[in-house]
Amino acid sequence: MKKTHKKTYWQTCLAGILALLVWAIAPAAHAYNNPELLPDLPTPIIDLGRNLTDTQESNLADDLTQFEQQTGWKLRVLTQFDQTPGRAVKDFWGLNDKSVLLIADARGGNILNFSVGDDVYSLLPRTFWIELQTRYGNQFFVRDNGSDQSIIQSLESIKTCLVQGGCNVVPGLPREQWILTLITSLVGGVIFGFAAIPRQNGQIFAWQWALIFSPLWGILFIAFGIGPVVSRTSEWLPLVRNIIGFALGALVAYLSPSFNQSEISET
């Protein structure tokens, strides 16, 4: 009985200590949603996370202000790390249906988050924002280019799409994504070439088999090889390279029986 009473006593003390700690920490936690962190003067950028240099912040602020005056679209930037004004920015900036709030926070796996007005969503759908976040906010992009470029290039993509009346995908074709489209084009060409190999005497091109396999090589070449290129850039060079890759893959696969027969004849 004494041991049980002693154990209960220590549990009560521990609970009291934890309660005191929570009470002591609570005021600091309140600072995470503190309107006192807002600047005194109007500005489209609140850089609490210090992601931008003074020059970058000044130039970007002028650019966003000019963009709003010319188009009516309101773009705002909030960077944070351990403190944030929270929902107080909504009243400070007067965010509405024509507003986009970019929030950069390095504490997560992806530093970018967006709060988008309803009028903007009608032009830039959810898929656009997901792709924008994954392209410019991922750890690899931030490591190679810096968090400042993550913010600046994201805003440039948003501005470009708003000016041209909307986008379903993020403009621009990163090298990694183009390499993926080239690979799918090559694989599609190989499938096309193997399907077209003659299977009867006197036959030159097995178009029936090529037609049967068209859903497979067509998806790889057209949907995954050509589609992402033409929807993201007007440059012709990546498109030509993918077409050449498809043709080379098809030619090598189509001629592969001839190579095998030549090796057997030499043997």
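Nothing here was measured: the structure is a model prediction, and the numbers come from that model. (Residues numbered from 1 in each chain as written. Predicted model: local features only at pLDDT ≥ 70, side-chain atom pairs only at ≥ 80, totals over all residues. Heavy atoms only, no water.)

Draft legend 1. Up close: the overall build of the chain. Helix and strand counts for the chain stand at 11 helices and four strands. Looking at the 267 residues of the chain, the share that counts as buried comes to 36%. At a minimum sequence separation of 6, the contacts of the chain that also span at least 24 residues come to 66%. (Helix = DSSP H or I, 4+ residues; strand = E, 2+ residues; numbered from the N terminus. Buried < 20%, exposed > 50% of the residue type's maximum accessible area, 1.4 Å probe, protein only. Contact = heavy atoms within 4.5 Å.)

Draft legend 2. Here's a closer look at the sheet that holds strand S1 (residues 45–47). Within the open sheet, the four strands sit side by side as S1-S2-S3-S4. Their pairing is mixed. Two strands bound the open sheet, and with one partner strand each, they are S1 and strand S4 (112–116). Ignoring strand direction, the axes of neighbouring strands in this sheet form an average angle of 15 degrees. Here S1 runs beside strand S2 (residues 74–80); their pairing, made up of three bridges, is parallel. Bridging across to S2, Ile46 finds its partner in Leu78. In the packing of helix H7 (residues 147–163) onto the sheet, contacts are made with S2, strand S3 (99–105) and S4, and the angle to S2 comes to roughly 165 degrees. (Pairing = 2+ DSSP bridges. Axes fitted to C-alpha atoms, helices over the stretch in contact; angles between N-to-C directions.)

Draft legend 3. Expanded view of the environment of Pro125. Secondary-structure assignment places Pro125 in the loop between helix H4 (118–121) and helix H5 (126–136). Between the alpha carbons of Pro125 and Asn168 there is a distance of 6.4 Å; along the sequence they are 43 residues apart. Excluding its chain neighbours within four sequence positions, the residues that come into contact with Pro125 are Cys167 and Asn168.

Draft legend 4. Region of interest: the pairing of S4. Because side chains alternate across S4, one face comprises the buried residues Leu112, Phe114 and Val116, and the other comprises Asn113 and Ser115, none of which is buried. By the bridge criterion, five bridges tie S3 to S4 in an arrangement that is antiparallel. Across the sheet, residue Leu101 finds its bridge partner in S4, namely Ser115. Counted between consecutive antiparallel strands, the loop separating S3 from S4 contains six residues.

Draft legend 5. Summary view of the state of the cysteines. Considering all chains together, one arrives at one disulfide under this definition. One disulfide bridge connects Cys161 with Cys167, the sulfur atoms lying 2.2 Å from each other. What sets the handedness of the Cys161 and Cys167 disulfide is the S-S torsion sign, and at about -100 degrees it is left-handed. (Disulfide = S-S within 2.5 Å.)

Draft legend 6. Expanded view of the layout of surface pockets. Size it by volume and the largest pocket reaches roughly 340 Å³. Elements that contribute at least two residues to the lining of the largest pocket include exactly H5, helix H6 (139–145) and helix H8 (175–195). Size it by volume and the second largest pocket reaches roughly 260 Å³. Mapped onto the lining of the second largest pocket, the elements with two or more residues apiece are S2, helix H3 (88–93), S3 and S4. Among the elements that make up the lining of the second largest pocket, the one with the highest residue count is S3 (three residues). Residue classes in the lining of the second largest pocket are distributed as six nonpolar, seven polar and four charged. (1 Å grid on protein atoms, 1.4 Å probe; cavity = no way out; pocket = protein on both sides within 12 Å on 5 of 7 lines; lining within 4 Å. Points joined across faces, edges and corners; volume = space filled by probe spheres on them. Nonpolar A, V, L, I, M, F, W, Y, C, P; charged D, E, K, R; others polar.)

Draft legend 7. Focus on the pairing of S2. In terms of burial, S2 is largely enclosed, as seven of its seven residues are buried. Sheet analysis places S2 next to S3, joined by seven bridges and oriented parallel. The residue of S3 that forms the bridge with Gln80 is Asp105.

Draft legend 8. Geometry of the pattern of salt bridges. Applying the stated criterion across every chain, the model contains eight salt bridges. Residues Asp63 and Lys159 are paired through a salt bridge, measuring 2.3 Å at the closest nitrogen-oxygen approach. In this pair, Asp63 is assigned in helix H2 (residues 54–71) and Lys159 in helix H7, connecting sequence segments 96 residues apart. By relative accessible area, which is 9% here, Lys159 ends up buried. (Salt bridge = Lys/Arg side-chain N within 4 Å of Asp/Glu carboxyl O.)

Draft legend 9. Local environment of the side chain of Glu131. Of note, Glu131 is situated in helix H5. Judged by its relative accessible area of 15%, Glu131 falls in the buried class. A polar contact of 3.0 Å, which involves the side chain of Glu131, links it to the side chain of Arg232. Dropping the residues within four chain positions of it, Glu131 is found in contact with Val169, Val170, Gln177 and Arg232. (Polar contact = N/O pair within 3.5 Å; in protein donor to acceptor, adjacent residues only side chain to side chain.)

Draft legend 10. Up close: unusual backbone geometry. With a phi close to 55 degrees, Arg50 is a non-glycine residue in the positive phi region. Looking at the element boundaries, Arg50 is found in the loop between S1 and H2.

Geometric values such as these leave the question of function open.
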